[in-house]
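Close look at the chain arrangement
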Amino acid sequence: MCTAEATASLLQVEETFLACLARIDALILKPLLQADPSDQKGKENFKLLLLLNDRFQALWNLTEENYRILKQKCSTSESFCTQDVYAVWKGDLFLSLYIQYFVTFANYVVVHGFEHATKSKSEAWKHHKTVLKQFLAGFTSETSMSLALYTVLHKPLRDHIEQYILLLTKLNEVLKEGSEKDVVTSAIKEYVKLESFIRQVLDEACFTKSLWESLGCKFTDMLCVPERRLLEDSKNLHISASTNRSDRILLFDDVLVLIQGNSFQSFDLKLVWVDENCSEKSAPGLYGLRIITPEETFFLSAKDLQIKAVWQWKLNQAVRQALNGKRDFPLWGQTGEGSEPPSCRFFTYVFRLEGKFKSASYEGEWHGGKPHGKGTLKWRDGRNHVGDFKEGLEHGFGICLVPRRSQDRYDCYKCHWYEGKMRGYGICEYGNDMVYKGYFKENVRQGFGILENLSAENPFKYTGQWENDKKNGYGVWEDKDRGERYIGTWLNDHKHGQGIVVTQSGVCYQRTFHADKMVGSGILLLEDDSVYEGNFTEDLTFVGKGKLSFANGFVLEGTFTNKLGQGLQTHGILNTSNEQLDDRITKAQLGLEEFPVEKRWKGIYDQFLEFIHSGCKEETEESFTGFHIQTSKELRKSQEYLFCQRGTEDVSWKIEDILDELVQHQGLESLQSYLEKALKSSLHPLGKLLKALTIAFQATYSGIGANRHLLTMAQEEVKYYAKKIWEFYQGLLHLALEQKGQLPAKCVDGETSDQKACSVVLPLILPCFYPELFMLYMLYHEREDDLYCQGIVDLSLFPDIKLLEFLDVQKHLWPLKDLTLTTNQRRSLIKDKCFLSATECLQKLITTVDPREKLVILQKTYEEIESTVSRVVEKDYKLPMDDLLPLLMYVVSRAKIQHLGAEIHLIRDLMDPTNQGGLYDFLLTALESCYEHIQRMRLHQRENCPVTHSS
């Protein structure tokens, strides 16, 4: 058959088919559509009939249109090609319309549409009944009218598809190998599939229709839906459910139904998982399938392995097609074909049974019948949870909104969760304007955390330890209204135990507290350097026995009373024998014995230690080490960083890469460089630890906490930070080596852990704490620095030559050549020219925070002095101590460093212990001697000029 013959045959077939469609439309559909049903069921069926007519008309119109175009071409042309055979080139469109028609036709069959239609009481229907009998061949009685309608509305169309296949097969036989033949072959396969599809659709419809006839009205009314198809029935292929929970099991294309007695349970197939590996749960001689749904799990058991296999295959295919939202084409392939449904799914479900999720709607990812992955939970009472789930519970990062009962506001928890409960770092923004940033455990605040009241009414901030949702342990409370800061221990949300209170005015005291009340005696340090030891009230009024030491050395010891209107009264002894109060009293350091440094901020260290012990798993990193995040915006960025595909610039801070790099940087220089980068990064665990410690340090010693009586506490703390960071570095390194099967290298330089911390870590972390720490040093040495500054002012009045002479610098060491003269200028009046390079070098002391670098600057200053002297004497000259001190004092007086006492003592306290006894130690001692000598000079002037000062 050539193309022309195929075209002619197609025209002939279509002409006959169109005539048949016209007769069906006129004699069957039009009369049926004139019905006017009054009952609800009849109205629903009539809507389906209208839709079926629309599908019929669409198919008729498409066929007629293409027939007319082809016939017109035949009348004007004698040459044809395969493109003229529209059943091939428009095959997809024809297939789509046929599928739509037969799916709608099957829906009409399922709801007994033809049976209801033939019982119509309309006059139009009665009038056409006689004509219809002539059209419907084989019509015998009233009862078969519905069957005849069923036949005439599908058989001509099925026959027509067979004619298409026959025609295309003949055409394909004469075509040569090539693209045209391939297209025709593909079209034939699709029409064969359509034939199979139609047969299966009609079989399923009849199977489903029979079910509705066999079930009672109650089940039919509740379960019967036009689109629903019965795929398997346990009465046909026997299988039973566990624990005798059902008499009958029905598998539909959208739900699985278990019927028992007069009740039934239905399970949406989109949330059904089939597990065949449950032999241990099956009774002997039975083959079981485990059916998993969001809230229930049960077993289906068959006596025959083949029956189990059929049910398993049908269940899996039904689930897969339900998830795809459409049936396969054709509906079923050969047994065993078809892919398994995905184990991970996205779906919305409302929980019904008792439990924490009752009445909650979950939209998100599922696995194995449980929320697993990203999802959103919404309760009817307004609670929402958005985040990660694992095996049916909140697990990972999540945001939870909880409405407050008394107000139209919410508590918002942005936290890490573990097995359904808050655990790890989080930020909670309460509806009462309070914000908590810290750690949780078992849904309560536990460990280190910060609670801040941001409202204008009673603003406060607590930074410290929590236990069972209450302030417990060491913590710092700042009352912004009173301008006070409490540093000490807590019990059940109350100040309890030893505590230090620092006020904005500079007053500082240490007392014992019991449930927020002061008990026993304490020490009160006043801003004028007076010290009171004894009992006093909250408004700092002396009561009872006590001792008041004045700054001038006088001591008043006795009993103090404060009667209304009479002021402070005392009965005791005033000792005036002391000339000045001992520095040990005026500069008393608080909190050292009461708050051992290793017991402060334990909650921060515990989290990082637990992170290392857990194996440093990346998914738990932010939960353990997240305290560097202090805002909701940072929290969101942190989560984006954790879950996004990271670029190459971020690779080095992934935890597995961090552990790899640690092994590669064990040499001293390499280690220092690596630690410097790590501690500066907010993505490295050590950087996160440093950020948390910085927050704690600032909460204690910045602002109101800048009090000289806390210096040693702060200095001790910074050293301990370095020690702990070194320990955590060692812990990370050991873990990295352990994962590589290596042993930690033995320490070859003999340095202890404390020495390593001081020499390697302390200089790297000091910049983070330097502003607060140096302020404490300045306050502590304020009096000495004032004397020193006054001495510097006096010395600055001297010209260079007079100053060298005054300081007893030997004349042969004077760099007189550096005193360049201008017109009308005398050498004796020139200032700030001698030892200029050494002076400028020493001035750099304040440009760095690192004690190592400060000592290097001091050494260079010494070298500059020695170099200048060598130039003057025109030979290498090593300065003896007798010559060095006057020259160094000259340079110090010209450098005019404002807080030199604070600088010297900070260097002395925080310098590397290995430098003690060496050159650096010697030069620092020399600088200290100069500083003290300048102070003594000023004191001596004061003592020798009493008249001048009094006048």
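The structure presented is a predicted model; accordingly, all values stated were derived computationally and were not measured.

**Quick notes on the sheet that holds strand β8 (residues 297–302)**
The sheet built from 4 strands is open, its strands ordered β2-β8-β7-β6 with antiparallel pairing. In the strand order of this sheet, the two ends are held by β2 (240–241) and β6 (273–275), each with one partner. Sheet topology note: the β6/strand β7 (residues 287–292) ladder contains 3 bridges and is antiparallel. Residue pairing in the sheet places D275 in a bridge with R290 of β7. Across the face of the sheet, helix α11 (residues 305–324) comes into contact with β6, β7 and β8 while running at roughly 20° to β7.

**Quick word on the pairing of strand β9 (residues 344–350)**
Burial along β9 is one-sided: the face carrying R345, F347 and Y349 is buried and the face carrying C344, F346, T348 and V350 is not. Pairing between β9 and strand β10 (residues 361–367): 7 bridges, direction antiparallel. The partner of V350 across the bridge, within β10, is S361.

**A short note on the packing of helix α23 (residues 836–843) against helix α25 (residues 881–895)**
Closest axis-to-axis distance for the α23/α25 pair is 9 Å, and the angle between their directions is 60°. One finds that α23 runs oblique with respect to α25. Crossing angle aside, the handedness with which α23 passes α25 is right-handed. Counted together, A838, T839, L842 and Q843 of α23 and V891, V892, R894 and A895 of α25 form the full contact between these two elements. Taken together, the residues of the contact of α23 with α25 break down into 5 nonpolar, 2 polar and 1 charged.

**So, the packing of aromatic side chains**
With the rule as written, the count across this model stands at 52 aromatic pairs. Measuring from ring centre to ring centre gives 5.3 Å for Y101 and F102, while their planes differ by 90°; the resulting arrangement is edge-to-face. For the pair Y101 and F102, a shared accessibility class is recorded, and that class is buried. The structure contains a cluster of three or more aromatic residues connected by ring pairs, namely Y413, Y430, Y436, F440, F460, Y462, W466, W477, Y486, W490 and F513. If you follow K495 out to its NZ or CZ, it ends over the ring of Y486, 5.7 Å from the centre. Residue placement shows R511 over the ring face of F536; its charged tip is 4.5 Å from the ring centre.

Basis of the calculations
Within each chain, residue numbers correspond to sequence positions counted from 1 in written order. Two thresholds apply to this predicted model, a pLDDT of at least 70 for residue-level local features and 80 or more for giving and counting side-chain atom pairs, whereas whole-chain, interface and lining totals are computed over all residues. Each side-chain value is derived from all of the structure's non-hydrogen atoms; neither hydrogens nor water enter the calculation. In this description, strands pair whenever DSSP reports at least two bridges between them. Helix and strand assignments come from DSSP, with helices taken as H or I runs of at least 4 residues and strands as E runs of at least 2, each series counted from the N terminus. Note on contacts: a residue pair is in contact if any heavy atoms of the two residues lie within 4.5 Å. The axes are straight lines fitted to the C-alpha atoms, using for helices just the contacting stretch, and the angles between their N-to-C directions are given from 0 to 180°. Here the term buried applies to any residue with accessible area under 20% of the maximum for its type, exposed to any over 50%, and partly exposed to those in between, with areas from a 1.4 Å probe on protein chains only. Orientation labels follow simple angle bins: below 35 degrees gives roughly parallel, above 145 gives roughly antiparallel, 65 to 115 gives roughly perpendicular, and whatever is left gives oblique. By convention the crossing between two helices is left-handed if the near helix lies anticlockwise of the far one by an angle smaller than a right angle, and right-handed if it lies clockwise. Any residue outside Ala, Val, Leu, Ile, Met, Phe, Trp, Tyr, Cys, Pro, Asp, Glu, Lys and Arg is labelled polar, Gly included; the first ten of those are nonpolar and the last four are charged. Paired rings are identified among Phe, Tyr and Trp, the last through its six-membered ring, by centres lying within 6.5 Å, and are further divided according to the angle between planes into stacked (under 30 degrees), edge-to-face (over 60) and tilted (the rest). A ring is scored as having a charge over it whenever the NZ atom of a lysine or the CZ atom of an arginine sits within 6 Å of its centre and within 35 degrees of its normal.

Any functional reading would require information beyond the geometric quantities listed.
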